[in-house]
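Residue strings, one per chain:
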There are 2 protein chains.
Amino acid sequence: MWSTTFPHVDVLSDEQVDAVHEHAMTLLEEVGVRFLHPVAAELLAAAGARMEDQLARLDRGLVLERAALAPRSFAVRGRNPERTVRIGEGGLAIAPTGGAPFVLDETGHRRPATLEDYRRFVRLNQVVPQLHLAMSAIVEPDDLPVATRHLDMDLEVIRGSDKPYFADGVSGETSRDCVDLAALAFGGREAIEREPVLLGIVNPISPLQFDERMAGSLIEFASAGQPVVLMPFVLAGATAPLGLAGALAQATAEALAGVTLVQTVRPGTPCVFGSFVCEIDLHLGTPIFGTAGSALAVMAAGQMSRRYGLPFRAGGALTARAEPDVRAAQESLMSLWPTLLSGPSLVVHGAGWVEGSLEASLEKLAQDAWPLEVFERLLTAPLPTAEEDFALDAFREVGPGGTFLGAAHTLRHVRESAATAPPQTVVGWRDLMDRYEEPALDAGLAEELTRFVERRKREIHAAA
Amino acid sequence: MWSTTFPHVDVLSDEQVDAVHEHAMTLLEEVGVRFLHPVAAELLAAAGARMEDQLARLDRGLVLERAALAPRSFAVRGRNPERTVRIGEGGLAIAPTGGAPFVLDETGHRRPATLEDYRRFVRLNQVVPQLHLAMSAIVEPDDLPVATRHLDMDLEVIRGSDKPYFADGVSGETSRDCVDLAALAFGGREAIEREPVLLGIVNPISPLQFDERMAGSLIEFASAGQPVVLMPFVLAGATAPLGLAGALAQATAEALAGVTLVQTVRPGTPCVFGSFVCEIDLHLGTPIFGTAGSALAVMAAGQMSRRYGLPFRAGGALTARAEPDVRAAQESLMSLWPTLLSGPSLVVHGAGWVEGSLEASLEKLAQDAWPLEVFERLLTAPLPTAEEDFALDAFREVGPGGTFLGAAHTLRHVRESAATAPPQTVVGWRDLMDRYEEPALDAGLAEELTRFVERRKREIHAAA
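Keep in mind the model is a prediction, meaning the values are calculated, not measured. (Residues numbered from 1 in each chain as written. Chains lettered and ligands numbered in written order. Predicted model: local features only at pLDDT ≥ 70, side-chain atom pairs only at ≥ 80, totals over all residues. Heavy atoms only, no water.)

## Description of the overall build of chain A
Our working rule: Put simply, DSSP H or I for four residues or longer makes a helix, DSSP E for two residues or longer makes a strand, and each gets a number counted from the N terminus. For a compact globule the rule gives 2.2 Å times the number of residues to the power 0.38, and the radius of gyration it is set against comes from C-alpha atoms. Each residue's exposure class comes from its accessible area (1.4 Å probe, protein chains only) as a fraction of the maximum for that residue type: buried when under 20%, exposed when over 50%, partly exposed otherwise. Should any heavy atoms of two residues lie within 4.5 Å, those residues are considered in contact. Each accessible area value is a Shrake-Rupley result obtained with a 1.4 Å probe; residue values ignore everything except the protein chains displayed when judging cover. Positive charges come from Lys and Arg alone, negative charges from Asp and Glu alone, with His and the N- and C-terminal ends not counted. Lysine's charge is taken at NZ, arginine's at CZ, aspartate's at CG and glutamate's at CD.
A count of helical and extended segments in chain A gives 16 helices and 22 strands. Here the C-alpha atoms of chain A give a radius of gyration of 23 Å, agreeing with the 23 Å that 2.2 N^0.38 yields for 464 residues. Taking the principal axes of the C-alpha coordinates as reference, chain A spans close to 80 × 55 × 45 Å. Sorting the 464 residues of chain A into buried and exposed places 64% on the buried side. If you take every contact in chain A between residues at least 6 apart in sequence, the share linking residues at least 24 apart comes to 74%. Surface exposure of chain A reaches about 15,700 Å², of which carbon and sulfur atoms provide 51%. Where the 40 positive side-chain charges of chain A centre and where its 62 negative ones centre are 2 Å apart.

What follows is the structure, given as structure tokens:
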């Protein structure tokens, strides 16, 4: 995790922030948000939402009061305590891509991901120091049964990595499994409620809807006190209105509706305010990345998160390209820069994404690691201006027209400089992978985790 | 030219800006700046500099008083008046790369540039709307005699392009030729003094030195009232101290020394404060680009320019890579983003640079054009938040769970949206080149310009 005071770029005036806020409140109060989950609907009704069937109209008083219950920052414990991250208030954690059903293989072809691919992604992610979080769904292993896949994936990420991680839960049932497995791995339910060990992703189904699975997942993670990352993903012109302002207000409303439910389930549970406004190619109807619109939207969304005092989740290194070529690198950095300028506390899809999240690529993940190295220094090491840094003795020694190569000041500092400005070698994914070492895990615990997974698999298959 | 109010990112505190300023002043006052040009030395002595042979010690009173004479913004007239640029106070002009002795040819090999290459670069540059300026030295045609090359190059740029341009003058004599040619082309010396038509580049020979050629060039451009762009290029650890603070103070001192001379030659002449701090690979001793250090340095230098009220020239799309590959694209954007966040008024090397300015590449120039397109929208079109942009009617029409594809609001705005968020096609340099049309030039004037060039060539060869 990085600890940063790097400035955020504000693209909205205070009046514009107010306008987005007002419209988000109008959406929550007048249009409403649908929760296709009976418990969610009951909880919100009891909290004071105006329910009409499963449509919740949420007054701003309720929403803002609940949002204020979420902490401004929180820690997520790593299996290796040195990898524990703090998210919010200057703490910034980067996660790799997630959710891709396909991988780009060595021959440049797209194919469904397998468990073997999955393991390689988990390992490569473990190796890159700038990726602070593991991602259970880094790819979707298509050769595992859908109903029990989450168990294999979370187990693999706990065994193969010692970073805090995004669990794979995508429904009430699967997320409960993820929480139970984590409790087993990290000292029991009480221990993880006290000190979270995983993050849960909750995607609203835009516009303004949480389906049964996502609402169920939210309730399970929140009940266990595990941080919930609200990740609206809106396509301006398809799942949101054309243009940016409406999409931004919508994503704000969706995130806040999720936060309201989390804080209703268990007040004080960490929440992350996410926002992902994507433009589409209006001829093809497909998402496009690295556009000026998404750059403006992510920086604006960062401003909204600060208005609500919530840690902010932003973008990543995104591209629509199907392979990690020059344009993919360009689109990725045209996304990643505004992401990091938005004042984020959490970045998802920081490395490895290709083809609009349809694919993940080991090669792309290794490529994306280099800009993250640069950002690490840029965001965490301010420009030093102590007297010694100005090297006045060197100027007096060298004088106009001379060279600093052999100056006493240069010799005094060459070692530390070599450490802070390392050579810019291109490191491929195979070289990175060679650095992988499986983190030690107590054999008894490993067996216990495997037994749990096997038992749950039997139960799930029996119930099916 | 772009007109922008996009925020700049300040990486130095006010105290740090003061510290850089203080140390720059100490360099000017105590260490001094050498001007290897008798007229420059005389002019500075008369202005009150403490001269010791050709070493000028410049008191801060003199420097700041002279710097204050430079305008905060100025226009440079294009042969096509629609291409006239304003530089400073929100006006931002982008120029392509310049100065490369080699080109990367179609087979991916480096070879000396020819006049034929030169013409192709001038034409490609003319075609890209985001490149607001032409660059006479876009590459160095090696098949033309060094002594008279500047005449052919400036003539070609005047004929083949209608954008305001950087002249090729690199000495008193050659810059005088450039000014004379421009005067002939643009209505006479008086006309161009009133309304500048070209920009001159002056590179201090770091550390703290202006050689005979550069000082001579500065004097010629300044005498004619043509804007002088001071472009210190310092390698931290070689031509500047290791680390960033000393290098930044040095580049500041070098730029201000140049500005002081310009304002002594002809008060009120437009000046641009440039700064280019580059880190080196401490094992190989070669410049590296896209580093965190250079990003911090360019944003810090932007702050220094604002302290002096001078338009700022920044970085570009820079890379050490010898071909326009993925890493070249990454390094270029890791340079270009901080460049544009530094609050610049002028960007040089915005497109086409490879191998640390040793090479220029048509392919790279076309590649670099796409990020510039994105930046154009990002920097010039703030996020619109009028009531209509929030699309409340669409939310009421569509409701939770619906789609906006056919909503009335979408249909009302699809055309304008398609225009502001165009499809993200990759356009190669050959496709761009096909768009080239030679801008019309009065035949009589063209002949006059050619006659001038031929006459000067004869004179120069006769004198050699």
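## Considerations on the pattern of salt bridges
When the charged atoms of two side chains lie near each other, side chains of opposite charge can form a pair. The line we're drawing: We define a salt bridge as a contact between a side-chain nitrogen of Lys or Arg and a carboxyl oxygen of Asp or Glu at a distance within 4 Å.
Tallied over the entire structure, the rule returns 70 salt bridges over all chains. A salt bridge links E279 of chain B to R377 of chain A; the shortest N-O distance between them is 2.9 Å. Of this pair, E279 of chain B sits in strand β17 (residues 277-280) while R377 of chain A sits in helix α12 (residues 362-380), on two different chains. Per residue, the accessibility class of E279 of chain B equals that of R377 of chain A, and both read buried. For R83 of chain B, the salt bridge identified is with D162 of chain B, shortest N-O distance 2.5 Å. Of this pair, R83 of chain B sits in the loop between β5 (74-76) and β6 (85-87) while D162 of chain B sits in the loop between α5 (149-160) and β11 (165-166); the two residues are 79 residues apart in sequence, bridging distant segments of the chain. Assessed through its relative accessible area of 29%, R83 of chain B is described here as partly exposed. Three or more residues joined by partner-sharing salt bridges are found here, namely D105, E106, R111, D117 and R120 of chain A.

## Quick notes on the sheet that holds strand β18 (residues 287-288) of chain A
Residue and element names in this part refer to chain A. Short version of the rule: For two strands to be treated as a pair, DSSP must find at least two bridges joining them. Every axis in this analysis is a line fitted to C-alpha atoms, fitted for helices over the stretch in contact. Angles between the N-to-C directions lie between 0 and 180 degrees.
Taking strand neighbours across the sheet as the criterion, the three strands line up as β15-β17-β18 in an open arrangement whose pairing is mixed. Edge positions in the sheet fall to β15 (233-236) and β18, since each of these pairs with one other strand and no more. The pairing of β15 with strand β17 (residues 276-280) spans four bridges and is parallel. Counterpart to F233 in the pairing with β17 is F276. Where helix α9 (residues 245-265) meets the sheet, its contacts fall on β15 and β17, and the angle it forms with β15 comes to roughly 160 degrees.

## Let's talk about the environment of V9 of chain A
With respect to the element layout, V9 of chain A can be found in the loop between β1 (2-3) and α1 (14-31). On the basis of relative accessible area, V9 of chain A is assigned to the buried category, the value being 1%. Residues V9 of chain A and M334 of chain A, 325 residues apart in the sequence, show an inter-C-alpha distance of 15 Å. If near-sequence neighbours (up to four positions away) are discounted, V9 of chain A is found in contact with M299 and L341 of chain A together with F6, P7 and V9 of chain B.

## What about the environment of G172 of chain B?
All names here are of chain B. Along the polypeptide, G172 turns up in helix α6 (residues 172-185). For G172, a relative accessible area of 15% gives the class buried. Note: C-alpha distance between G172 and R189 (17 residues apart in sequence) is 17 Å. For G172, the residues in contact, after removing those within four places along its chain, are R213, G216, S217 and E220.

## Comments concerning the relation of the copies chain A and chain B
Keep this limit in mind: A residue counts toward the fit only if its pLDDT is at least 70 in both copies, and the copies are then superposed by least squares on the C-alpha atoms of those residues.
The two copies are related by a screw motion: chain A maps onto chain B through a turn of 180 degrees and a shift of 0.0 Å along the axis, at an RMSD of 0.0 Å. The transformation relating the two chain copies, once decomposed into turn and shift, fits a two-fold axis. Across chain A, the rotation axis passes nearest the C-alpha of V326 of chain A, at a separation of 2.3 Å. A symmetric contact is evident, with 100% of the interface residues of chain A recurring at the interface of chain B.

## Overview of the packing of helix α8 (residues 212-223) of chain A against α9 of chain A
Residue and element names in this part refer to chain A. This is how the line gets drawn: For classification, angles of less than 35 degrees are called roughly parallel, those exceeding 145 degrees roughly antiparallel, those between 65 and 115 degrees roughly perpendicular, and all remaining angles oblique. Crossings are assigned a handedness: left-handed for a near helix turned anticlockwise from the far helix by less than a right angle, right-handed for a clockwise turn. Residue polarity follows a fixed list, in which Ala, Val, Leu, Ile, Met, Phe, Trp, Tyr, Cys and Pro are nonpolar, Asp, Glu, Lys and Arg are charged, and the others, Gly among them, are polar.
Orientation of α8 relative to α9, taken along the N-to-C sense of each, is 45 degrees, at an axis distance of 9 Å. It follows from the interaxial angle that α8 and α9 lie oblique. Handedness of the α8/α9 crossing: right-handed. Contact residues: L218, I219, A222 and S223 in α8; G258, L261, V262 and V265 in α9. Tallied by class, the residues present in the contact of α8 with α9 amount to six nonpolar, two polar and no charged.

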